[in-house]
Amino acid sequence: MNVAVRSDSLNAPENATAPVVIVGGGPVGVRTAQELSRRGWDVVLFNAERWRPYNRVKLTPLLAGEAQVGTVYLDDRFPPPGRVACHDGTSVVDIDREKRHVVTSRGDVVAYHRLVLALGSRAFIPAIPGADLPGVYAFRNFDDAERLVARTMSARHVVVIGGGLLGLEAARGMARRGARVTIVEHENRLMPRQLDEAAGRTLAARIEALGVTVRTGERIASIDGFSRVVSVTLASGASLIADTVVVCTGVRANIQLPAAVGLAFGRAVIVDDEMRTSDPSIYAVGECAEHRGVVYGLVGPGFEHAVTAAASIAGTPVAYKGSVPATKLKVLGADVFSMGDFESAAQAPGVRSVVFTDPQNGIYRRLFLERGKLVAALGVGAWPEASRLQRAVAGRARVSPLALWRLRRTGTLWRATAEGAAALPASAIVCNCTGVTKGAIGSAVARGATTLADVRAATGANTVCGTCQPLVLDLLGAAARPQPVKWWPFVLAFSILATHASLAILLIPNFPVPDTYFDGRMLRTLWFDSIVKQWTGYTLLGITVAAAVLGLRKRIGWFRRLGGYQAWRLVHIALGLLAALVAVAHTGLRLGSNLNLVLMAGFVVMLAAGAVSGFITGGEHKMREAELIGPHARPRALPLWVHILALWPLPALILFHILSVYTW
């Protein structure tokens, strides 16, 4: 793989072969660079933001404290044989269409063979009185996320204006930071572009169950305050307390530059079926492109634009006929699925819909059919058939009356099958976010991809939400190279030591302690002095509680602010080793009798099972490489469950032990 070359200045010789210049370092611009590099073209990529190219979808986990900054950046490796030079913090301020060169914000003049505009869009802030007050934020890019992360330290009452995808993501991030959040949406439902009214109500109910207030059908009259935001007034007259307001009311395409140089535009830059603008040497892709009157606001169509533009530049054009809007994601813990233009379908003659609801579990599913063929679908709640359903809608698959009857009764459209990646056709989309097909991933594997990182760099798959990872791993199959966990040597070493220490407590018999030697007197003080035993006992209790709390890290949001899962796992294992050593100091290898013996046996089993689980975690990649375990085996499952189950009775046994010591 080629690593993008980042530099601070450009001075290309006039007689050099001009590269393809891409303006915009978002996911679509990067994807265009990948496609061109794969086809052997040299690319110069200008990224106006001060950050390296990043994945916008991961800004929400960053805001919520679930991801670190490093995980948000896009992979900067590009497939050979082309070369890609990235220039971060550099914008293009002018285009000379006649001489075919661009002028950058640093004063460089760079010639281009073809120019690709991937300018993206910006947040739209409506003319609401008070929208310029301190405490009002947008949520669109990395800078917005950075400001909101800083704001979470003081935000207590947050009003999010807009119940679309961005608004719900902002609400999730602020709620996970501990703020009281109210979502205000002027339409009569949440996510009005993706869901119908019933689905919107179902989603609202699930979100409110998590403690977020939802107000639909409400318009903002003003944002109130003098030197800062103190409240929000609705058109109905109601007032909402707010120290922070996040405005997520849509986006507008960045078309200032193309409009200034005379390119045809409407709501965005107008392009043909090859993504060419009114200037045949200039292309536009992503959210700044308008194709057949449609501006797509999703990353999936943008990636299709990137592939189309790259093919056209490389001289192997393919006609882009438009995209079928698709959304499949988790919003505030609720799965949301939407495919196709359901609003147009609902009003078209001859289109009927079939609905399944399960209010108790918060599930709503609806299909739209035209002459027996699927044209749109939407749902709230887990829908295991979503990937297959997306392919069916894209292909306008015919659905039998029996399948519709099954959906009405059970909520499933097809009989359960063990459909894996191998059963998919080459044209099937594996990564819904990026539009990457099984065939494209298969080609990457044939060219030598052996890891998820290789597939991501070669195709762009699995770079957005990550839900396609099992399918990608399935396609890697025998070619997949097992990947170690982070810091695996330390995980392995701590686990081996903890295993030996915990087994030593059970296997080494206690021995009499002499009082004629200095060491003997020290051991007698350590093991039999009541004050020292209290200190070692409470130390052991504290270590055990800390390790147990860290084991619940995934369910305790506060810990997500202090580092990633990999680091806390290592700390958890280290605490297990420390607990085993302190247990020796506390017990003197004397396990007691009756319930005390049960307590120590359970404690040692918990330590040993946890240590074995850690040992497998640290060495699993080596075991898979040596084919000691199969590709789909889960060797950690048994020791992990023993570790968890052995923990459950310990609180009661420890309480009995403490009471018995102080009572008798």
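The rules behind each value
Residues numbered from 1 in each chain as written. Predicted model: local features only at pLDDT ≥ 70, side-chain atom pairs only at ≥ 80, totals over all residues. Heavy atoms only, no water. Helix = DSSP H or I, 4+ residues; strand = E, 2+ residues; numbered from the N terminus. Buried < 20%, exposed > 50% of the residue type's maximum accessible area, 1.4 Å probe, protein only. Areas by Shrake-Rupley, 256 points an atom, 1.4 Å probe, with all protein chains shown as cover. Pairing = 2+ DSSP bridges. Axes fitted to C-alpha atoms, helices over the stretch in contact; angles between N-to-C directions. Contact = heavy atoms within 4.5 Å. Salt bridge = Lys/Arg side-chain N within 4 Å of Asp/Glu carboxyl O. Expected span 1.5 Å × (residues − 1). Phe/Tyr/Trp six-rings, centres within 6.5 Å; stacked < 30°, edge-to-face > 60°. Lys, Arg positive; Asp, Glu negative; His and termini not counted. Polar contact = N/O pair within 3.5 Å; in protein donor to acceptor, adjacent residues only side chain to side chain. Patch = residues over 30% accessible without salt bridge, like charges linked within 9 Å, V, L, I, M, F, W, Y side chains within 5 Å. Charge placed at Lys NZ, Arg CZ, Asp CG, Glu CD. Left-handed = near helix turned anticlockwise from the far one by under 90°. Nonpolar A, V, L, I, M, F, W, Y, C, P; charged D, E, K, R; others polar. pLDDT = per-residue confidence, 0-100.

A. Looking closely at the overall build of the protein chain. Looking only at helices and strands, one finds 21 helices and 30 strands in the protein chain. Here the protein chain holds 664 residues, and the buried ones make up 48% of them. Carbon together with sulfur atoms contributes 59% to the accessible area of the protein chain, which is approximately 31600 Å² in total.

B. Region of the structure containing the sheet that holds strand β12 (residues 136-138). If you walk across this open sheet you meet the 5 strands as β12-β19-β13-β14-β15, and the pairing is parallel. The open sheet has two free edges, formed respectively by β12 and β15 (213-216), since each of these has just one partner strand. Here the average twist between neighbouring strands, direction ignored, is 20°. Here strand β14 (residues 180-185) runs beside β15; their pairing, made up of 4 bridges, is parallel. Residue pairing across strands places Glu185 opposite Thr216, the latter belonging to β15. Those strands touched by helix α5 (residues 165-176) are β13 (157-161), β14 and β19 (244-247), and its axis lies near 170° from that of β14.

C. Molecular detail of the sheet that holds strand β27 (residues 363-370). Strand order in the open sheet formed by 5 strands is β24-β25-β28-β27-β26, and the pairing between neighbours is antiparallel. With one partner strand each, in any of the chains shown, β24 (326-331) and β26 (351-358) form the two edges of the open sheet. Ignoring strand direction, the axes of neighbouring strands in this sheet form an average angle of 15°. Here 7 bridges tie β27 to strand β28 (residues 373-380), and the two strands are oriented antiparallel to one another. Within the sheet, the bridge partner assigned to Leu369 lies in β28 and is Leu374. Lying over the sheet, helix α11 (residues 401-410) contacts β26 and β27, oriented at roughly 30° with respect to β26.

D. A look at the pattern of salt bridges. On inspection of all chains with the given rule, the structure shows 19 salt bridges. The partner of Arg50 in a salt bridge is Asp143, with the nearest N and O atoms 3.2 Å apart. Linking Arg50 in the loop between β4 (43-47) and α2 (59-64) with Asp143 in helix α4 (residues 142-151), this pair joins segments that are 93 residues apart in sequence. Each of Arg31, Glu35, Arg38 and Arg39 takes part in one network of salt bridges that share partners.

E. A look at α5. Helix length check: α5 (12 residues) gives 17 Å between terminal C-alpha atoms against 16 Å at 1.5 Å per residue, within 8%. Among the residues making up α5, those that are buried are Gly167, Leu168, Glu169, Ala170, Ala171, Arg172, Gly173 and Met174. Just downstream of α5 lies Gly178, where phi reads positive at about 100°.

F. Fine view of the packing of aromatic side chains. The final tally for this structure, using the stated rule, is 5 aromatic pairs. When the ring of Phe337 is compared with that of Trp383, the centres are 5.8 Å apart and the planes differ by 70°; the resulting orientation is edge-to-face. Taken together, the residues Phe337 in strand β25 (residues 334-339) and Trp383 in the loop between β28 and α10 (386-394) connect sequence positions 46 residues apart. The class for Trp383 is buried, based on a relative accessible area of 8%. Between Phe342 and Phe368 the ring centres are 6.3 Å apart and the planes differ by 35°, which places this aromatic pair in the tilted class. Of the two residues, Phe342 sits in helix α9 (residues 342-347) while Phe368 sits in strand β27, which places them 26 residues apart along the sequence. On the basis of relative accessible area, Phe342 is assigned to the buried category, the value being 5%. You can call Phe368 buried: its relative accessible area is 1%. Grouping aromatic residues by their ring pairs yields a cluster made of Trp51, Tyr54, Tyr73 and Phe142.

G. Representation of the side chain of Glu185. Its place among the elements puts Glu185 in strand β14. Buried charge Glu185 goes without a salt bridge, the closest partner of opposite sign being Arg189 at 8.2 Å. At 2.6 Å, the side chain of Glu185 forms a polar contact with the backbone nitrogen of Gly163.

H. Looking closely at the pairing of β28. Most of β28 sits out of view: 7 of its 8 residues are buried. Bridging between β25 and β28 involves 4 bridges; their strand directions are antiparallel. If you follow Ser338 over to β28, its bridge partner there is Leu378. The hairpin formed by β27 and β28 contains 2 residues between the paired strands, and Arg371 there has a positive phi angle of roughly 55°.

I. Representation of a positive patch on the surface within the structure. A grouping of Arg122, Arg193, Arg252 and Arg267 is seen on the molecular surface, where their side chains present a positively charged patch. Along the chain, the position of Arg122 falls in strand β11 (residues 121-123).

J. How the structure looks around the packing of helix α1 (residues 27-38) against helix α8 (residues 299-313). Direction vectors running N to C along α1 and α8 enclose 35°, while the axes themselves pass 8 Å from each other. Crossing hand, α1 versus α8: right-handed. In this structure, α1 contributes Pro27, Val28, Arg31, Thr32, Glu35 and Leu36 to the contact, and α8 contributes Val299, Gly302, Phe303, Ala306, Val307, Ala310 and Ile313. Of the residues that constitute the contact of α1 with α8, the class distribution is 9 nonpolar, 2 polar and 2 charged.

K. Main features of the environment of Phe490. Within the secondary structure, Phe490 is located in helix α15 (residues 488-507). Sequence spacing of Phe490 and Ala574 is 84 residues, and the spatial spacing of their C-alpha atoms is 9.2 Å.

L. Just a nonpolar patch on the surface, in detail. On the surface, Leu503, Leu506 and Leu507 cluster together into a nonpolar patch covering about 290 Å² of accessible area. Tracing the backbone through its elements, the reader meets Leu507 in helix α15. Of the residues examined, Leu507 reaches a relative accessible area of 67% and is grouped as exposed.

M. Here's a closer look at the confidence of the model for the protein chain. Mean pLDDT over the protein chain stands at 83; residues scoring 70 or higher make up 86%. Note on residues 7-16: pLDDT is under 50 here. Beyond four places in sequence and across chains, it has 11 contacts.

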